[in-house]
Amino acid sequence: MTYIKQLADHQDEIVTLKGWVYNSRSSKALHFIELRDGTGLCQCIVSLDEVGEEIFEAAGTLKQESSVEISGKVVKDDRSVGGYELHVTDLTVLQVADNYPITPKDHGVEFLMENRHLWLRSQRQWAAMQIRNTIQFSIHQFFQKEGFIRMDAPIFTGNAAEGTTTLFETEYFEEKAYLTQSGQLYGEAMAMAHGKIYTFGPTFRAEKSKTRRHLTEFWMVEPEMAFYDLDMNMELAENFLRFIVKSVLDKHENELEILERDTTLLKKAAEEPFKRISYTEAVEQLKSDKTKEMLDKMESDRKEELSSIKDELEEIKKEHGSAKKWRKAQIDQRIKEIHTRTDHIEEDLRNIPVWKKSAANFEWGNDFGGSDETILTMQYDTPVLVHRYPAEVKAFYMKRDPEDEKLALALDVLAPEGYGEIVGGSQREEDIEVLKARIAEHDLPEELFSWYLDLRKYGSVPHSGFGLGIERTVAWICGLSHVRETIPFPRMLGRLRP
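Below is a short write-up of the structure.

Cut-offs applied
Residues numbered from 1 in each chain as written. Predicted model: local features only at pLDDT ≥ 70, side-chain atom pairs only at ≥ 80, totals over all residues. Heavy atoms only, no water. Helix = DSSP H or I, 4+ residues; strand = E, 2+ residues; numbered from the N terminus. Buried < 20%, exposed > 50% of the residue type's maximum accessible area, 1.4 Å probe, protein only. Contact = heavy atoms within 4.5 Å. Areas by Shrake-Rupley, 256 points an atom, 1.4 Å probe, with all protein chains shown as cover. Lys, Arg positive; Asp, Glu negative; His and termini not counted. Charge placed at Lys NZ, Arg CZ, Asp CG, Glu CD. Core = buried A, V, L, I, M, F, W, Y, C linked by side-chain atoms within 4.5 Å. Pairing = 2+ DSSP bridges. Axes fitted to C-alpha atoms, helices over the stretch in contact; angles between N-to-C directions.

### Structural notes on the overall build of the protein chain
Link 1 in the chain: From N to C terminus, the protein chain includes 16 helices and 17 strands.
Link 2 in the chain: The principal-axis extent of the C-alpha atoms belonging to the protein chain is close to 85 × 50 × 45 Å.
Link 3 in the chain: In the protein chain, buried positions account for 49% of the 498 residues.
Link 4 in the chain: Intrachain contacts of the protein chain at a sequence separation of at least 6 include 69% that bridge at least 24 residues.
Link 5 in the chain: Working note: accessible area of the protein chain is about 24,700 Å², and carbon and sulfur atoms make up 49% of it.
Link 6 in the chain: If you average the places of the 65 positive and of the 88 negative side-chain charges in the protein chain, the two averages end up 4 Å apart.

### Here's the deal with unusual backbone geometry
Link 1 in the chain: The step from Arg 497 to Pro 498 runs through a cis peptide bond, and the omega angle for that step is 0°.
Link 2 in the chain: If you trace the backbone, Pro 498 turns up in the segment after helix H16 (470-478).
Link 3 in the chain: Phi is positive for Glu 260, which is not a glycine, with a value near 55°.
Link 4 in the chain: Position of Glu 260 relative to the elements: it lies in the loop between helix H8 (253-258) and helix H9 (264-271).

### Some thoughts on the nonpolar core
Link 1 in the chain: Counting 60 residues, the largest nonpolar core has Ile 139, Phe 143, Val 221, Phe 240, Trp 476 and Ile 477 as the members making the most contacts within it.
Link 2 in the chain: Beyond its immediate sequence surroundings of up to four residues, Val 221 is in contact with Ile 139, Phe 143, Tyr 198, Thr 199, Phe 200, Phe 240, Phe 466, Gly 467, Leu 468 and Ile 470.
Link 3 in the chain: By size, the runner-up hydrophobic cluster in this structure holds 35 residues, among which are Ile 277, Ile 352, Ala 395 and Tyr 452.

### Considering the environment of Glu 346
Link 1 in the chain: Take Glu 346: it is sitting in helix H12 (residues 325-361).
Link 2 in the chain: C-alpha of Glu 346 to C-alpha of Gln 285: the two residues are 61 residues apart in sequence and 26 Å apart in space.
Link 3 in the chain: In this structure Glu 346 touches Leu 306 and Lys 310, once residues within four positions along its chain are discounted.

### Brief notes about H16
Link 1 in the chain: H16 sits mainly inside the fold: 8 of its 9 residues count as buried.
Link 2 in the chain: Of all the residues in H16, the buried ones are Ile 470, Glu 471, Thr 473, Val 474, Ala 475, Trp 476, Ile 477 and Cys 478.
Link 3 in the chain: A positive backbone phi angle near 75° is found at Gly 479, which sits one or two residues after H16.

### Concerning the environment of Ile 55
Link 1 in the chain: With respect to the element layout, Ile 55 can be found in helix H2 (residues 53-60).
Link 2 in the chain: With sequence-adjacent residues up to four places away left out, Ile 55 is seen in contact with Asp 90 and Leu 91.

### So, the sheet that holds strand S8 (residues 169-172)
Link 1 in the chain: An order of S7-S9-S8 is seen for the 3 strands of this open sheet, with the pairing classed as antiparallel. Two strands close off the open sheet at either side, each with one partner strand: strand S7 (156-157) and S8.

### So, the sheet that holds strand S3 (residues 41-47)
Link 1 in the chain: Spatially, the 5 strands close up into a barrel ordered S1-S2-S3-S5-S4, and their pairing is mixed. The mean inter-strand angle of the sheet, taken between neighbouring strand axes irrespective of direction, is 55°.
Link 2 in the chain: Pairing geometry for strand S4 (residues 67-76) and strand S5 (residues 84-95), over 10 bridges, is antiparallel. For Ser 67, the partnering residue across the bridge sits in S5 and is Gln 95.
Link 3 in the chain: The strands touched by H2 within the sheet are strand S2 (30-36), S3 and S5, with S2 carrying the most contacts at an inclination of about 55°.

All quantities given are derived from atomic positions and should not be read as evidence of function.
Here it is in structure tokens:
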């Protein structure tokens with residue numbers, strides 16, 4: 001068996017492909033079968049003269065997602081998907097599929113989510129999952145290269161890492177347990193043993209949120225480093241993200257094209273230094289005249305664009321009825337593009353008044369919401385590191401700034417193009433008495449953190465770490481508007497199946 005991605009190594013040879021019918025069309029003496037096998041697509045040409053009547057008729061029965069074995073000669077053709085096609089010599093039908101529910105026409109999101117187990121086979125979803133895989137692999141490559149070791153934190157925990165209101169509670173034999181919000185606290189213990197470690201696993205948040213950035217179950221990588229301060233932590237986060245982006249750009253030109261991802265800003269993220277601003281500077285920027293003018297212009301531009309594409313839509317709809325077949329196909333594709341773009345514009349026009357109000361009314365001391373992060377990142381071409389947040393809105397374990405006790409030595413990395421926070425981290429508090437006071441201030445039971453406090457009793461050192469959300473990172477790099485498309489089977493508020 002040969003895989004489609006290997007066809008370049010078998011030019012002019014007879015090979016056998018095994019896969020599923022992605023699409024097909026026929027003429028009097030030819031069937032054109034677009035085959036997928038999980039590694040790519042290949043056009044397979046079945047000629048009546050080459051295969052005989054029995055195989056030719058069998059090929060004509062194939063519906064979308066029918067499974068087949070196809071043998072034939074590999075022929076280079078730059079016009080074909082993947083640059084090669086198969087001139088078929090033999091074909092075996094494994095199963096003729098039922099009528100496949102996901103067709104090339106537009107489907108509503110709810111329908112697609114109900115059929116997620118099948119939607120994964122579509123080209124866009126396939127491309128996103130390929131890129132997700134590379135992102136995960138590059139994470140391991142980066143940290144292993146930097147001298148980290150992979151360690152695992154428990155999924156069942158007896159205490160909260162962030163806050164008690166976003167925990168999934170479960171029964172652990174005869175006591176309460178919670179699904180982990182983060183592996184960080186355990187990561188700190190492991191870093192005291194090994195110096196530099198990272199954990200990588202599922203995490204859970206019980207927030208009843210329906211935004212495009214939220215999942216109840218998501219994957220997070222969390223490095224933790226002994227003897228690192230905030231500046232070292234920020235440097236590591238920046239180098240880490242640059243490595244991930246470069247890995248995707250190097251390997252996935254085809255997949256990014258399938259996703260219609262403009263890679264201009266990704267290339268900048270792979271090459272240029274990230275901007276660093278303090279929380280206070282970010283607040284000033286939010287409330288500035290420059291931000292107001294930017295949003296006013298965006299609103300005006302979107303309205304003008306919406307009017308223009310609606311006029312275009314009316315014109316090409318009139319043309320459709322009398323157009324030739326090839327032109328109808330072009331018009332259908334353009335109509336689909338216009339509908340997609342219209343949805344995006346209308347969403348922006350709904351959001352812009354909210355963004356304006358949020359920016360104008362923002363007060364120092366508040367944590368940034370999704371709208372605030374969106375506005376800030378619109379003004380940068382690369383990810384931006386925001387540091388030194390108000391301590392009151394950050395977790396108990398974050399160290400205060402020695403130069404200003406009102407500030408925590410925290411950092412967030414906000415992705416450009418409105419994608420918002422993808423990394424959150426801090427320098428950790430290493431003083432046991434200070435940490436005890438913080439636990440009390442947050443109304444957390446000290447006895448549950450006795451093991452965590454031990455880390456400050458036996459060789460306490462300055463240390464830092466951060467967490468990167470895989471799904472938000474996939475969304476940013478792939479240019480996806482919702483995190484539900486970044487994980488094979490998303491878990492969201494109201495979504496437990498399939």
